[in-house]
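Residue-level structural notes
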Amino acid sequence: MNENTKEQSWIPLLVIACASLIIATFMNVSISQVVVDLHTDVSTIQMLMSFYTLITAACMLLSAKLQDIIGKKKLFLIGAALYGLGTFIASISPNVEILFLGWAVIEGVAGALMLPATVSIISGTYSGEKRTMALAIVGVMGAIAAAIGPLFGGVMTTFLSWRYGFACELIIVIFILAMQGKIPSFAPTESKKDLDITGAIISFIGLILLVLGILSLSKETTSSIIMIIIALIILAIFAWYELKRKRNGQVPLLDVELFKDRNLRVGSSVMLLCYLAMGGGLFAVSVFLQTVLQLNAFDTGLTTLPLTLGLLIFAIIAPKLSSRLNHKILMAIGSILSIVGCLLLCNQFTLETSTFNLMPGLFVMGSGLGFIMALSVDIALIDIPAESQNNASGITTVGQSLGESMGTAIIGIILILGVFGGISHTVDMYAPQYSGNETFQHEIYNHFQDVSVNDIQQNKTTLTIIDTVIQDAMAFVMEVTSILMVVVFLMTLRLKNKKIDKQ
């Protein structure tokens, strides 16, 4: 494929975008069904969801460097084939352990191989306004897949089985492999001797410990904090080691000096926080809809559809507006919209909640996120030289994957802690005869964990207590999410503008 063809054809973008489409979870709305089918609980499924994106994030820096050694296209196709294997295993998993292997481990590693390559292939294929549009589509495709996943997962779970969702991912993988000839090739720029194995191990351990510490906060606070501190120390050691390696004339796994670029630093952080807010918010809303309103998977997906529509519409609009209003202004506007959306949702989680009650807040929140996610990758990479694009793409995709992993973990923990912490107060209010009864309070918490809807319905007092606790917890989740978006707004003000050339 010659350069002119690459510039004119959108086919490479179509194939690459399909990869972003599959590397997202559709399992939020299938939680209750998976719990029943595999005889497990909500916390275990939450753990699997977090480990999927955790493993992806932990392997991302190594993958970004492998692009230079193996080649972008070849690494992308290896990842696609591996992803196909993982999704097949997940679709036939008879228990949680096999689901963990296929979904969290194999798909997680495969996602790490594919994600940095999607950004760097697109960045190397297009330029000017086409580059802005292409990176916007790729940048937001994962978010759209994560947002539309609930509806897709709802259809699969309600009318077929959650297993068919993984089967559909396999079909997309087959399409990608069949269309591999349309993806432009890029020659490797480094050799195997340049691979920094020590740095890869250090970064992997640091990222694993960081999210493990966050995941275990609700159970062992002291040990979790210690684990997080150790993780941060290890990541600091990693940064020091990479700087030392570069000063000694060796090729680092991560060129830490790239963080001197303000747009890369801020843009990657914005991606992390946005995916944290969206991933965590979707998880909390899905749990609420299924456990409190007792919606099935399809209706849960339908209820969250407005967020997807807002995300899609404004992600398409954003690149077109970037030639008039710069990236910085559009992303700041998106932050404000997201904050408004979160505030609109704060008081909507009640027993009388309907799709129409949630629609305005979800749509406004999705619209704001669409602006930000569509432009954050382009603005982060806009000043990075061509020889550092692969490394920089690894940084941006780590932000995305780590944000998703931490979002499910942190917001999930906030929700569970809110539930557990509010049980005592609510029992005193609605069932004073059980005040101080730890056994009764643990039964309430176990009902929530096991999604035991039928048992809850047999005891209206228990149902009232659980509903009240979760409503308060959901309001707190939305408040925390709005605070995250305030931080994003302040960060966008630090971005440097740069005019996009028209080509």
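Quick caveat: nothing in here was measured; it's all calculated off a predicted structure.

**Some thoughts on the overall build of the chain**
Scanning the chain from N- to C-terminus turns up 19 helices and zero strands. Out of the 503 residues belonging to the chain, those deemed buried represent 59%. Looking at the chain alone, contacts between residues at least 24 apart form 84% of all its contacts between residues at least 6 apart. Counting only carbon and sulfur atoms, one obtains 64% of the accessible surface of the chain, whose full area is about 19,500 Å².

**Observations regarding helix H14 (residues 327-345)**
Counted at 1.5 Å a residue, the expected span for H14 with its 19 residues is 27 Å, and the 27 Å between its end C-alpha atoms agrees. Those residues of H14 that sit buried are His327, Leu330, Met331, Ala332, Gly334, Ser335, Ser338, Ile339, Gly341, Cys342 and Leu345.

**Topic: the environment of Leu85**
Structurally, Leu85 can be placed in helix H5 (residues 72-91). On the basis of relative accessible area, Leu85 is assigned to the partly exposed category, the value being 43%. Placed 25 residues apart in sequence, Leu85 and Ala110 show a C-alpha to C-alpha distance of 9.4 Å.

**Some details on helix H2 (residues 11-22)**
Its twelve residues place the ends of H2 17 Å apart at the C-alpha level, agreeing with the 16 Å of an ideal helix rising 1.5 Å per residue. Looking at H2, one finds that the buried residues are Pro12, Leu13, Val15, Ile16, Ala17, Cys18, Ala19, Ser20 and Ile22.

**Notes on the packing of aromatic side chains**
Enumeration according to the criterion identifies three aromatic pairs in this entry. Ring centres of Phe314 and Phe363 lie 6.4 Å apart, and the angle between their planes is 75 degrees; on these two criteria the pair is classed as edge-to-face. Taken together, the residues Phe314 in helix H13 (residues 305-321) and Phe363 in helix H15 (residues 355-381) connect sequence positions 49 residues apart. Residue classification places Phe363 among the partly exposed positions, given a relative accessible area of 32%.

**Notes on a nonpolar patch on the surface**
Where nonpolar side chains cluster on the molecular surface, the patch consists of Ile225, Ile229, Ile233, Ile237 and Trp240 and spans about 490 Å² of accessible area. With respect to the helices and strands, Ile225 occurs in helix H10 (residues 221-247).

**With respect to the packing of helix H6 (residues 96-125) against helix H8 (residues 162-178)**
Where H6 contacts H8, the two axes come as close as 13 Å, and the packing angle between them is 35 degrees. In this structure, H6 meets H8 at a crossing whose hand is left-handed. From H6, Leu99, Trp103 and Glu107 reach across to H8, where they touch Trp162, Phe166 and Glu169. Its residues placed into classes, the contact of H6 with H8 shows four nonpolar, no polar and two charged.

**Notes on the confidence of the model for the chain**
Model confidence for the chain is summarised by a mean pLDDT of 76, while 77% of its residues fall at 70 or above. Across the chain, the element-wise mean pLDDT spans from 46 in helix H1 (residues 3-8) up to 90 in H14. Contacts for the low-pLDDT stretch residues 1-7, under 50 throughout, to residues beyond four places or in other chains number twelve contacts. Overall, residues 451-457 carries pLDDT values under 50, and its contacts beyond four positions in sequence, including any with other chains, amount to eleven contacts.

**What about the nonpolar core?**
Considering soluble globular proteins, one finds that nonpolar side chains tend to be buried as a cluster. Counting 126 residues, the largest nonpolar core has Phe76, Leu99 and Met474 as the members making the most contacts within it. Here this core gets 17 residues from one element, more than from any other, and that element is helix H11 (residues 262-291).

**So, the state of the cysteines**
Within this structure, the stated rule accounts for zero disulfides. Free of any disulfide, Cys342 has its nearest neighbouring cysteine sulfur in Cys346, separated by 7.3 Å. Given a relative accessible area of 0%, Cys342 falls into the buried group.

**Description of a positive patch on the surface**
Together, Arg262, Arg265, Arg494 and Lys496 line one region of the surface with positive charge. For Arg262, a relative accessible area of 33% puts it in the partly exposed group.

**With respect to the packing of H5 against H6**
Where H5 contacts H6, the axes come no closer than 8 Å and their chain directions differ by 155 degrees. Regarding the angle of H5 to H6, the classification is roughly antiparallel. Two packed elements cross with a definite hand, and for H5 against H6 that hand is left-handed. By residue class, the composition of the contact of H5 with H6 is 18 nonpolar, seven polar and three charged.

Reading guide: rules and limits
Residues numbered from 1 in each chain as written. Predicted model: local features only at pLDDT ≥ 70, side-chain atom pairs only at ≥ 80, totals over all residues. Heavy atoms only, no water. Helix = DSSP H or I, 4+ residues; strand = E, 2+ residues; numbered from the N terminus. Buried < 20%, exposed > 50% of the residue type's maximum accessible area, 1.4 Å probe, protein only. Contact = heavy atoms within 4.5 Å. Areas by Shrake-Rupley, 256 points an atom, 1.4 Å probe, with all protein chains shown as cover. Expected span 1.5 Å × (residues − 1). Phe/Tyr/Trp six-rings, centres within 6.5 Å; stacked < 30°, edge-to-face > 60°. Patch = residues over 30% accessible without salt bridge, like charges linked within 9 Å, V, L, I, M, F, W, Y side chains within 5 Å. Salt bridge = Lys/Arg side-chain N within 4 Å of Asp/Glu carboxyl O. Axes fitted to C-alpha atoms, helices over the stretch in contact; angles between N-to-C directions. Left-handed = near helix turned anticlockwise from the far one by under 90°. Nonpolar A, V, L, I, M, F, W, Y, C, P; charged D, E, K, R; others polar. pLDDT = per-residue confidence, 0-100. Core = buried A, V, L, I, M, F, W, Y, C linked by side-chain atoms within 4.5 Å. Disulfide = S-S within 2.5 Å. Lys, Arg positive; Asp, Glu negative; His and termini not counted. Charge placed at Lys NZ, Arg CZ, Asp CG, Glu CD. Parallel < 35°, antiparallel > 145°, perpendicular 65-115°, else oblique.

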